[in-house]
Amino acid sequence: MTTNRKKRLLWQLPFLTMLIVGTILIIRQQHATPYQHTIGTVFGTTYSLTYQYADNLQQEIEAELARMDSTFSMFNKHSIVSRINQGEQPDLTSDFIEVFKLARLISDDTDGAFDITVGPLVNAWGFGFKNEQLPSKHQVDSLLKLTGFRNVYIQDGKLSMKRPGMILDFAAIAKGYGVDVISRLLERHDIKNYMVEIGGEITTRGINPQRVPWKIGVNKPNEDALGESNELQTILNVTDKSMATSGNYRNFYVKGGKKYAHTIDPKTGYPVQHTLLSATVLADRCAKADAYATAFMVMGIDGAKDVLSRHQDLMAYLIYTDHKGRLAVWYSPSLKDKIVKD
């Protein structure tokens, strides 16, 4: 070995040693840092957080969720969306404008299958704040005139509706956006390992408390109006992804021997009637996954596949009934490596 090479090695050795020691210290610190757990309620549903951090961020988390509730909750009569639905014109927050623009983008992309103005029809069919009922064709046709995203717009920081009596309902995107907001909060604290869940919509990063990637189950779509069945159809590795599921297998009722599911087609005004039972979507943002999962339940399998073919950033796991009435599954080819159990 030449003298110059020996000198270079001796010069590099302290830096190599520092790198090894630093890596060991980081690993030890990661193992020593506890995971915090937080649960509560928002948007009329529950939330659950698990994150690795030395301090408990409960107060900051609750403040962010309170902001979301005061913007999008239909259960809060003082929220921005409730005030709009009561005929007021409150100032719109940046959160409201961001979600409204995303909702419009996805509505356009799905040919109106996702529509935050469909609330009057949801209520008419008994899936909102009213009990189950069967509206007449005349009632459905009349209510269709009070829907349509094209009739709602933002101008000068205010929301305007072309037709009096329209209402907005962000239920199919607000939970996902709430997950995104809390994820941003955790990342501002430089938290690398976490799971945020609101009403079943989820985002994960890094590793879980067992030091392995996060794995989330997808429920088998058993007809279970009480929500007591937790039988899993599959388990997905969703580390560093957001996931949302929409389905018709729990929120439904039967009248006159016919099943009426809660997903309303904004074009027809009637509950959808097709073979798709459950749509699970993975995306980079939970609000996007939330909205597309709802849109896919309106569009059915073929419509969902068409949208997915245009978006490489989206993946879906679709459960449906085949021509013999048996449960069947279709999933995005890019999702194959994320299926832990099938």
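Everything numeric in this text was worked out from a predicted model, so none of it was measured. (Residues numbered from 1 in each chain as written. Predicted model: local features only at pLDDT ≥ 70, side-chain atom pairs only at ≥ 80, totals over all residues. Heavy atoms only, no water.)

Caption draft 1: A look at the overall build of the protein. Looking only at helices and strands, one finds 8 helices and 15 strands in the protein. Here the protein, with 342 residues, has 47% of them falling under the buried criterion. Long-range pairs, those at least 24 residues apart, make up 59% of the contacts in the protein with a sequence separation of at least 6. (Helix = DSSP H or I, 4+ residues; strand = E, 2+ residues; numbered from the N terminus. Buried < 20%, exposed > 50% of the residue type's maximum accessible area, 1.4 Å probe, protein only. Contact = heavy atoms within 4.5 Å.)

Caption draft 2: Layout of the sheet that holds strand 12 (residues 276–283). Read from one edge to the other, the open sheet built from 8 strands follows the order 1-2-5-6-9-12-13-14, with strand pairing classed as antiparallel. Edge positions in the sheet fall to strand 1 (35–42) and strand 14 (327–331), since each of these pairs with one other strand and no more. Geometrically, the sheet is characterised by an average inter-axis angle of 10° between neighbouring strands, direction not taken into account. Running at roughly 130° to strand 12, helix 8 (residues 286–310) makes contact with strand 6 (201–205), strand 9 (242–247), strand 12, strand 13 (315–321) and strand 14 of the sheet. (Pairing = 2+ DSSP bridges. Axes fitted to C-alpha atoms, helices over the stretch in contact; angles between N-to-C directions.)

Caption draft 3: Examining the nonpolar core more closely. Within the largest apolar cluster, 64 residues are counted, with the highest numbers of intra-cluster contacts made by Ile61, Phe72, Phe96, Leu168, Phe170, Ile173 and Phe296. The residues contacting Phe296, other than those within four sequence positions of it, are Leu276, Ala279, Val281, Ala304, Val307, Leu308 and Ala316. Among the nonpolar cores identified, the runner-up in size contains 14 residues, and Ile202, Trp214, Leu236 and Tyr317 belong to it. (Core = buried A, V, L, I, M, F, W, Y, C linked by side-chain atoms within 4.5 Å.)

Caption draft 4: The arrangement of the packing of helix 2 (residues 58–72) against helix 4 (residues 94–109) in detail. In contact at an axis separation of 10 Å, helix 2 and helix 4 are set at 65° when each is read in the N-to-C sense. Along this stretch, helix 2 crosses helix 4, giving a crossing that reads as right-handed. Contacts between helix 2 and helix 4 pair Arg67, Met68, Thr71 and Phe72 from the former with Asp95, Phe96 and Val99 from the latter. Partitioned by chemical class, the residues of the contact of helix 2 with helix 4 number 4 nonpolar, 1 polar and 2 charged. (Left-handed = near helix turned anticlockwise from the far one by under 90°. Nonpolar A, V, L, I, M, F, W, Y, C, P; charged D, E, K, R; others polar.)

Caption draft 5: Broad picture of the pairing of strand 3 (residues 152–155). Pairing of strand 3 with strand 4 (residues 158–161), which is carried by 4 bridges, proceeds in the antiparallel orientation. Following the sheet pairing, Tyr153 is matched in strand 4 by Ser160. In this antiparallel pair of consecutive strands, strand 3 and strand 4, the connection spans 2 residues, and Asp156 shows a positive phi of 55°.

Caption draft 6: Focus on the environment of Ala244. Relative to the elements of secondary structure, Ala244 occurs in strand 9. For Ala244, a relative accessible area of 0% puts it in the buried group. Along the backbone, Ala244 and Ala279 are 35 residues apart, and their C-alpha atoms lie at a distance of 8.2 Å. In this structure, Ala244 is in contact with Glu201, Ala279, Thr280, Val281, Ala289, Asp290 and Ala293, ignoring residues within four places of it in sequence.

Caption draft 7: Geometry of the pattern of salt bridges. Scanning the model with the defined rule gives 18 salt bridges in all. Residues Lys158 and Asp91 are paired through a salt bridge, measuring 2.6 Å at the closest nitrogen-oxygen approach. Here Asp91 lies in the loop between helix 3 (80–85) and helix 4 and Lys158 lies in strand 4, a separation of 67 residues in the sequence. The partly exposed category is assigned to Lys158, whose relative accessible area is 26%. The class for Asp91 is exposed, based on a relative accessible area of 56%. Measuring nitrogen to oxygen at the nearest pair gives 3.2 Å for the salt bridge that ties Glu98 to Arg285. With Glu98 in helix 4 and Arg285 in the loop between strand 12 and helix 8, this residue pair connects regions lying 187 residues apart in the sequence. The exposure class of Glu98 is partly exposed, given its relative accessible area of 27%. (Salt bridge = Lys/Arg side-chain N within 4 Å of Asp/Glu carboxyl O.)

Caption draft 8: View of the side chain of Thr203. Relative to the assigned elements, Thr203 resides in strand 6. At 2.6 Å, the side chain of Thr203 and the side chain of Ser242 are in polar contact. Those residues in contact with Thr203, other than ones at most four positions away along the chain, are Val179, Asp180, Ser183, Tyr194, Met195, Val196, Lys241, Ser242 and Cys286. (Polar contact = N/O pair within 3.5 Å; in protein donor to acceptor, adjacent residues only side chain to side chain.)

Caption draft 9: Broad picture of the packing of aromatic side chains. Applying the stated criterion to the full structure yields 9 aromatic pairs. Between Phe72 and Tyr177, the ring centres sit 5.9 Å apart and the planes meet at 80°, which makes this aromatic pair edge-to-face. Of this pair, Phe72 sits in helix 2 while Tyr177 sits in helix 7 (residues 171–188), placing them 105 residues apart in sequence. Look at Phe72 and you get buried, because its relative accessible area is 3%. Given a relative accessible area of 0%, Tyr177 falls into the buried group. Their ring planes at 65° and their centres at 5.3 Å tell us that Phe96 and Phe170 sit as a pair that is edge-to-face. In this pair, Phe96 sits in helix 4 while Phe170 sits in the loop between strand 4 and helix 7, placing the two residues 74 residues apart along the sequence. (Phe/Tyr/Trp six-rings, centres within 6.5 Å; stacked < 30°, edge-to-face > 60°.)

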